[in-house]
Amino acid sequence: MAYAGHPVRTALEIGAGTGKATRLFAQQGVVVTATEPDGAMLDELRKHVPASVRTVQAAFEDLRPGEKYGLVYAAAALHWTVPEGRWSRVAALLEPGAVFASFGGPIRLADPVVEETVRAARAPFLESDEVPSPDGTPAGSGPRGESRSPGLIMESRGG
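Please read these numbers as outputs of a predicted model, since none were measured by experiment. (Residues numbered from 1 in each chain as written. Predicted model: local features only at pLDDT ≥ 70, side-chain atom pairs only at ≥ 80, totals over all residues. Heavy atoms only, no water.)

Student: Even after reading the chapter, I still don't get the overall build of the chain, so can you show me in this structure?
Tutor: The number of helices and strands found in the chain is 4 helices and 5 strands. The N-to-C order of helical and strand elements in the chain reads β-α-β-α-β-β-α-β-α. Buried residues in the chain amount to 39% of all 159 residues. Expressed as a percentage of contacts within the chain between residues at least 6 apart in sequence, the contacts between residues at least 24 apart total 61%. Carbon together with sulfur atoms contributes 57% to the accessible area of the chain, which is approximately 8,900 Å² in total. (Helix = DSSP H or I, 4+ residues; strand = E, 2+ residues; numbered from the N terminus. Buried < 20%, exposed > 50% of the residue type's maximum accessible area, 1.4 Å probe, protein only. Contact = heavy atoms within 4.5 Å. Areas by Shrake-Rupley, 256 points an atom, 1.4 Å probe, with all protein chains shown as cover.)

Listed below in structure tokens is the structure:
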């Protein structure tokens, strides 16, 4: 949260799943809109998040621009989104000065120069991309069988 450089009041979560990250942001006083395309998963999400969390059944690609957020994030879900047009959709959802974050999903960088750049940028904060779940859930025990939790934060300060 400190990374944003200012208080984050609103957030849009892409693919909330059971709401592990949703709960953490909501506990910090962030007003979260949690999206989840799968109806059964959405039902499960609603069992585990506070009433202050707005839940929406929608895939990221189906969200329409309009409301803007101080944070748009994906916790182990960005890889489920369609790459084409992803970043313009994210930018359209960010208020000026906002931040985008992606963490907890598989990261496979194909370009060795980019991989080294990311490693160097991450090094002062994390030894590696292997970061435990924020709520202590063991790796591989997620509903989709996630087996690793790399911690990558990407910035897109909306304009």
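Structure shown, so let's carry the discussion forward.
Student: Teacher, can you tell me more about the nonpolar core here?
Tutor: Note that soluble globular proteins tend to have their nonpolar side chains buried in a common cluster. Val32, Leu71 and Tyr73 are the most contacted members of the largest nonpolar core, which totals 19 residues. Put simply, the parts of the chain that give this core at least two residues each are α1 (20–27), β2 (31–35), α2 (39–48), β4 (69–75) and β5 (94–103). Those residues in contact with tyrosine 73, other than ones at most four positions away along the chain, are Ala11, Leu12, Glu13, Ile14, Ala21, Thr22, Phe25, Val32, Phe100, Ala101 and Phe103. Counting 15 residues, the second largest nonpolar core, distinct from the first, contains Ala58, Phe60, Leu63 and Leu94. (Core = buried A, V, L, I, M, F, W, Y, C linked by side-chain atoms within 4.5 Å.)

Student: Looking at this model, I keep getting lost on the packing of aromatic side chains. Mind explaining?
Tutor: Two aromatic rings are characterised by how far apart their centres lie and by the angle between their planes. All chains considered together, the criterion is met by 4 aromatic pairs. Pairwise contacts between aromatic rings join Phe25, Tyr73 and Phe103 into one cluster. (Phe/Tyr/Trp six-rings, centres within 6.5 Å; stacked < 30°, edge-to-face > 60°.)

Student: Please explain the pairing of β4 as it appears in this structure.
Tutor: Of all 7 residues in β4, 7 are buried; the element is thus mostly enclosed. Of the pairings in the sheet, the one linking strand β1 (residues 10–14) to β4 comprises 4 bridges and is parallel in character. By the bridge assignment, isoleucine 14 is partnered in β4 with alanine 74. As paired strands, β4 and β5 are joined by 6 bridges and run parallel to one another. Paired with alanine 74 across the two strands is serine 102, which belongs to β5. Running through helix α3 (residues 86–93), the crossover from β4 to the neighbouring parallel element β5 is right-handed. (Pairing = 2+ DSSP bridges. Right-handed = clockwise from strand over helix to strand, strands pointing away.)

Student: I keep staring at unusual backbone geometry and nothing clicks. Help me out?
Tutor: Peptide bonds are, in most cases, trans, and in most cases residues other than glycine have a negative phi. Positive phi, normally seen in glycine, also occurs at alanine 76, with a value near 60 degrees. Within the secondary structure, alanine 76 sits in the loop between β4 and α3.

Student: What exactly am I supposed to notice about the pairing of β2 here?
Tutor: The side chains of a regular strand alternate between both faces of the sheet. The buried fraction of β2 is high, at 4 of 5 residues. Pairing between β1 and β2: 4 bridges, direction parallel. Paired with alanine 11 across the bridge in β2 is valine 32. Remark: the β1/α1/β2 crossover connection has right-handed handedness. Relative to strand β3 (residues 54–56), β2 runs parallel, the two sharing 3 bridges. When the bridges of β3 are listed, threonine 35 appears paired with valine 56. This β-α-β element, β2 to α2 to β3, shows right-handed connectivity.

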